[in-house]
Amino acid sequence: MPIAKTKSKTAAKKQPKTSPASRATHGPLAPERIAAILKALDEAYPAAECALVHRSPWELLVATILSAQCTDVRVNLVTPELFRRFPTPAAMAQATLPELEELIRTTGFFHNKAKSIQGAAKKIVAEFGGQVPETLAELITLPGVARKTASVVLGVCFGKAEGVVVDTHVLRIAHRLDLAKTETPEKVEQELMRILPPSRWIDFSHQIIHHGREICAARKPHCDRCNLEPLCASKDKTWQS
Ligand code: SF4
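These notes cover the structure that comes with them. Note that this is a predicted model, so its numbers are computed, not measured.

## Notes on the site of the ligand
Point 1. Taken together, Arg176, Leu177, His211, Ile215, Cys216, Pro221, Cys223, Cys226, Glu229, Cys232 and Lys237 form the complete shell of residues around the ligand.
Point 2. For the shell around the ligand, the class distribution of residues is seven nonpolar, one polar and three charged.

## A few points about the packing of helix α11 (residues 168-176) against helix α13 (residues 201-214)
The description of two helices packed together rests on the angle between their axes and the distance between the axes.
Point 1. Orientation of α11 relative to α13, taken along the N-to-C sense of each, is 85°, at an axis distance of 8 Å. As far as their axial angle goes, α13 and α11 are roughly perpendicular. Residues His169, Val170, Arg172 and Ile173 of α11 form the contact with α13, whose participating residues are Phe204, Ser205, Ile208, Ile209, His211, Gly212 and Arg213.
Point 2. Of the residues contributing to the contact of α11 with α13, the split by class is five nonpolar, four polar and two charged.

## Quick notes on helix α10 (residues 147-158)
Point 1. Look at α10: 15 Å from first C-alpha to last across twelve residues, which is about the 16 Å you get at 1.5 Å a residue.
Point 2. At its buried positions, α10 is contacted by α4 (57-66), α9 (136-139), α12 (185-195) and α13.
Point 3. Trailing α10 by a residue or two, Gly159 shows a phi angle of about 60°, which is positive.

Reading the values: the criteria
In this numbering scheme, every chain counts its residues from 1 along its sequence in written order. Only residues with pLDDT of at least 70 get local features here, since the model is predicted, and only at 80 or more are side-chain atom pairs given and counted; chain-wide, interface and lining totals rely on the full set of residues. In computing side-chain values, all of the structure's heavy atoms are included and hydrogens and water are not. Being near a molecule or strand, for a residue, means having at least one of its heavy atoms within 4 Å of it. Gly is put with the polar residues, along with every residue not named as nonpolar or charged; the nonpolar set is Ala, Val, Leu, Ile, Met, Phe, Trp, Tyr, Cys and Pro, and the charged set is Asp, Glu, Lys and Arg. The axes are straight lines fitted to the C-alpha atoms, using for helices just the contacting stretch, and the angles between their N-to-C directions are given from 0 to 180°. Helix and strand labels come from DSSP, where a helix needs a run of H or I of at least four residues and a strand needs a run of E of at least two; each type is numbered from the N terminus. Any angle from 65 to 115 degrees is called roughly perpendicular, while one under 35 is roughly parallel, one over 145 is roughly antiparallel, and all others are oblique. Whether two residues are in contact is decided by their heavy atoms, any of which lying within 4.5 Å being enough. Expected helix span is taken as 1.5 Å per residue step, with the number of steps being one fewer than the number of residues.

Set out below in structure tokens:
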């Protein structure tokens, strides 16, 4: 019947409007694949933690600011003396910029970093009673503290998952594992937050950062030693099982 034909044509035209959720059941974002990746990460890095040495939220905040464009190893060499001289926000608020610059010089960009940590110390003393605030909204008002630094402190020190920390390792490996398509850390974070359970946001970053340092290196990944290899279809792979 003509009417029935018209209806079935219309229905056929509407079919391609597949929802993102239903697409995700088969592609790289299928829940089974995400679960397998998380399981493999747990097996490879059961105790992955933040590599920046710290004894308090304040020390981690400062160490994270210093880690911009610098290795964690280098930051860990600098912070013991920095915190011996200026152990609290109140003490660091009294430090002069030349004093701070001298202590953190080897982490690079030391003029800006000294201003940031001195400014953060002053603001914490003046507006937060000398304690590092525990919310994202407050943390990002501190000089030198953007969303990534705030997420590190909230996740590691306060167990609050406000986001997924996307550093250079997480950015690279999210692309290699086909977990994200966008280019900026901010957008990749949003993609990861959509596909990972919030309970995994903190650990996932730590595990992937370890994976990036130990196995999935930027220039020559050690795919022959990677337990994620069966799940990875990256064009950067150096070995195929
Ligand atoms: S298989 Fe290679 S490229 Fe893929 S995650 Fe492992 S080390 Fe990285």
